Amino acid sequence: MAVPLTLKVFKGEQLVATKDFDRDIIKIGRLASAHLTLDDEKVARIHAVIDVAQDGSLTVTDMGTTDGTLLNGKRVMKSPLSFGDSITLGGTVIRVERGAGVAHVSPVPEAAAGAGAAAAAPVVMAAPVAVAAAPT
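Counting from 1, residues in each chain are numbered in the order their sequence is written. This being a predicted model, a pLDDT of at least 70 is required before a residue's local features are given, and a value of 80 or more before pairs of side-chain atoms are given or counted; all residues contribute to the totals for chains, interfaces and linings. As a rule here, side-chain values come from all non-hydrogen atoms in the structure, and water together with hydrogens is ignored.

A. Local environment of the nonpolar core. Counting 23 residues, the largest nonpolar core has Leu7, Ile87 and Ile94 as the members making the most contacts within it. A run of DSSP states H or I qualifies as a helix once it reaches four residues; a run of E qualifies as a strand once it reaches two. Both are numbered from the N-terminal end. Only strand S1 (5-11), strand S2 (14-21), strand S3 (25-29), strand S5 (48-52), strand S6 (58-62), strand S10 (86-89) and strand S11 (92-98) provide two or more residues apiece to this core. In this description, contact between two residues means that some pair of their heavy atoms is separated by no more than 4.5 Å. Excluding anything up to four places from it in sequence, Ile94 contacts Leu7, Lys8, Val9, Ile28, Leu36, Leu38, Asp85, Ser86, Ile87 and Leu89. Remark: nonpolar core denotes a set of buried residues (Ala, Val, Leu, Ile, Met, Phe, Trp, Tyr, Cys) joined through side-chain atoms within 4.5 Å. Relative accessibility decides the category of a residue: with a 1.4 Å probe and only protein chains considered, values under 20% of the type maximum give buried, values over 50% give exposed, and everything between is partly exposed.

Okay, structure coming up:
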């Protein structure tokens, strides 16, 4: 069963995206088909994968990349992952946090990347929720 988790993407100190997941496998890389697509030339097309086991435990796996995957500053090929950990791929840092549910990602607009960018934050819109009427 998938565990809700949130991935926060940073370029330097700048938060550039937040994305919530509720799935067993999360592919991370430059490809548009990756579950988390990163705009970083040092990141491979599919750079790393986060696996969520049936018991809810998390694992990060480097997909054999040249530059590697760093977990909390240490290069790893495959390693257990915990909430609060940081994954570094190229010049991008991804912070893993406990998720509250599934939402859609909205990156920080390019215009905000200039002056005052530190005050800009991504907009995360919650997914539509269907509410069923209670039986009477």
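B. Highlighting the pattern of salt bridges. The term salt bridge refers to a pairing of a side-chain nitrogen on Lys or Arg with a carboxyl oxygen on Asp or Glu at a separation within 4 Å. Inspection of the entire model under this criterion finds three salt bridges. Across the pair Glu97 and Lys8 runs a salt bridge whose closest N-O atoms are separated by 3.4 Å. Highlighted residues: Glu97 in strand S11 and Lys8 in strand S1, separated in sequence by 89 residues. When the shortest N-O distance is used, the salt bridge between Lys11 and Asp40 registers 3.6 Å. In this pair, Lys11 is assigned in strand S1 and Asp40 in the loop between strand S4 (36-37) and S5, connecting sequence segments 29 residues apart. Since its relative accessible area comes to 31%, Lys11 is described here as partly exposed. By relative accessible area, which is 8% here, Asp40 ends up buried.

C. Quick look at the sheet that holds S1. Pairing is antiparallel in the open sheet, where six strands are placed in the order S2-S1-S11-S10-S7-S8. Among the strands making up the open sheet, the edge pair consists of S2 and strand S8 (74-76). Across the sheet, the axes of successive neighbouring strands diverge by a mean angle of 30°, strand direction being ignored. At least two bridges found by DSSP between two strands are what make those strands a pair. Where S1 and S2 come together, seven bridges link them in antiparallel fashion. Counterpart to Phe10 in the pairing with S2 is Leu15. Note on geometry: axes are lines fitted to C-alpha atoms, helical ones only across the stretch in contact, with angles between N-to-C directions running from 0 to 180 degrees.

D. Examining the side chain of Ser79 more closely. As for its placement among the helices and strands, Ser79 is situated in strand S9 (residues 78-81). Given the relative accessible area of 14%, Ser79 is considered buried. Sequence-distant contacts of Ser79, that is, excluding residues within four places in its chain, are made with Leu58, Thr59, Val60 and Leu71.

E. Highlighting the sheet that holds S5. The five strands are arranged S4-S3-S5-S6-S9 in an open sheet whose pairing can be described as mixed. With one partner strand each, in any of the chains shown, S4 and S9 form the two edges of the open sheet. As defined by bridge partners, S3 adjoins S5 across four bridges and the pair is classed as antiparallel. Paired with Ile26 across the bridge in S5 is Ile50.

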